[in-house]
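What follows is each chain in one-letter form.
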Amino acid sequence: MKTRLLQATMYFCAIFFLHSCATSSISQSQLKTEIENSKETSATCFVQMNDGTIKNYNSLKLVTSAFSTPYLLADGKTRIKAKQITAYQNKDHYAISQKIFGCGRISHVATETLPGFAVRTVKGKINVYRKKYYNGQVAIDEYFIQKGDKGKLMVYSQELINELVKDNSEAFKFFNNRRSWGSSSERLLGTAHLYNNGQLITKN
């Protein structure tokens, strides 16, 4: 009897542990959906030039090569360099240049976007941007937070997100519950989504 009870206890503990692991991280498909939902709806593909003008295109592709500086290829023929624009949107994401917010580490990585650009991963009352930089060994994610579209972009910190969401008790409690998500970046994205939408990201 004791053996069966012990086996049952171990079984339920294992199920609980696996369930916790399954619900403690944001899947790649969920993150991709968040990024897609954070795009501007005015046009599918566009660039914002340094003088503020907007140019719309049917397609906008990031081109990288070991022998040339990464650039955007618009409609399969027009090359657009990072230094010419302050923001752009393609079929994958909306991104802004680090020269707009002028904080954080200087980035030259072009794994998902133009070097020196940050991808918006969450859009709403709180916007979250992600920029990759090289730490000498691997590409590292650096996050930035913005309160509304007019707010200043600031480097993410626990103190900052607590200050920004303090008027929403549910989001505040969620962020400060370390058992909610596996990593600090997942807690940030989950908190921002909860603050913006009044519900958590659906977890697999």
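Reading the values: the criteria
Residues numbered from 1 in each chain as written. Predicted model: local features only at pLDDT ≥ 70, side-chain atom pairs only at ≥ 80, totals over all residues. Heavy atoms only, no water. Phe/Tyr/Trp six-rings, centres within 6.5 Å; stacked < 30°, edge-to-face > 60°. Helix = DSSP H or I, 4+ residues; strand = E, 2+ residues; numbered from the N terminus. Buried < 20%, exposed > 50% of the residue type's maximum accessible area, 1.4 Å probe, protein only. Salt bridge = Lys/Arg side-chain N within 4 Å of Asp/Glu carboxyl O. Arc of directions from axis to C-beta. Contact = heavy atoms within 4.5 Å. Polar contact = N/O pair within 3.5 Å; in protein donor to acceptor, adjacent residues only side chain to side chain. Pairing = 2+ DSSP bridges. Axes fitted to C-alpha atoms, helices over the stretch in contact; angles between N-to-C directions.

Draft legend 1. Just the packing of aromatic side chains, in detail. Scanning the model with the defined rule gives two aromatic pairs in all. With a centroid separation of 6.3 Å and 40 degrees between ring planes, the pair formed by Phe-46 and Tyr-94 is classed as tilted. Highlighted residues: Phe-46 in strand β1 (residues 45–49) and Tyr-94 in strand β7 (residues 94–97), separated in sequence by 48 residues. The burial state of Phe-46 is the same as that of Tyr-94; both residues are buried. Relative to Phe-117, the ring of Tyr-88 has its centre 5.7 Å away and its plane inclined at 55 degrees; by these criteria the two rings are tilted.

Draft legend 2. Up close: the pattern of salt bridges. Enumeration according to the criterion identifies seven salt bridges in this entry. Arg-120 is the salt-bridge partner of Glu-40, the closest N and O atoms lying 2.7 Å from each other. Here Glu-40, found in the loop between α2 (28–37) and β1, pairs with Arg-120, found in strand β8 (residues 117–122); they are 80 residues apart in sequence, far enough to count as distant. The buried category is assigned to Arg-120, whose relative accessible area is 2%. Across the pair Lys-166 and Glu-163 runs a salt bridge, and its minimum N-O distance is 2.8 Å. With relative accessibility at 45%, the residue Glu-163 sits in the partly exposed group. Among the ionic contacts, a cluster of salt bridges with common partners joins Glu-40, Arg-120 and Lys-123.

Draft legend 3. Representation of helix α5 (residues 169–176) in the model. Taken residue by residue, α5 has Ala-171, Phe-174 and Phe-175 as its buried positions. With its buried residues spanning 95 degrees around the axis, α5 presents them on a single face. Opposite its buried face, α5 presents the exposed residues Ser-169 and Lys-173, each directed more than 90 degrees away. For α5, the elements touching its buried residues are α4 (158–164) and α6 (184–197). The backbone nitrogen of Glu-170 has a side-chain oxygen 3.2 Å away, supplied by the residue at the start of α5, namely Asn-168.

Draft legend 4. Geometry of the pairing of β8. Counting buried positions over the six residues of β8 gives six, a clear majority of the element. By the bridge criterion, three bridges tie β8 to strand β9 (residues 126–134) in an arrangement that is antiparallel. Bridge pairing links Val-119 to Arg-130 in β9. Between β8 and β9, which pair antiparallel one after the other, the connecting turn spans three residues, and Gly-124 there sits at a positive phi close to 160 degrees.

Draft legend 5. Quick peek at the sheet that holds β8. The eight strands are arranged β2-β1-β6-β7-β8-β9-β10-β11 in an open sheet whose pairing can be described as antiparallel. The sheet is open, and its two edges are formed by β2 (54–57) and β11 (154–155), each paired on a single side. Relative to strand β6 (residues 85–89), β1 runs antiparallel, the two being bridged by four bridges. Opposite Gln-48, over in β6, you have Ala-87 as the bridge partner. Running over the sheet, α6 touches β8, β9 and β10 (139–147) and is turned about 160 degrees from β9.

These figures come from the coordinates and say nothing about function on their own.
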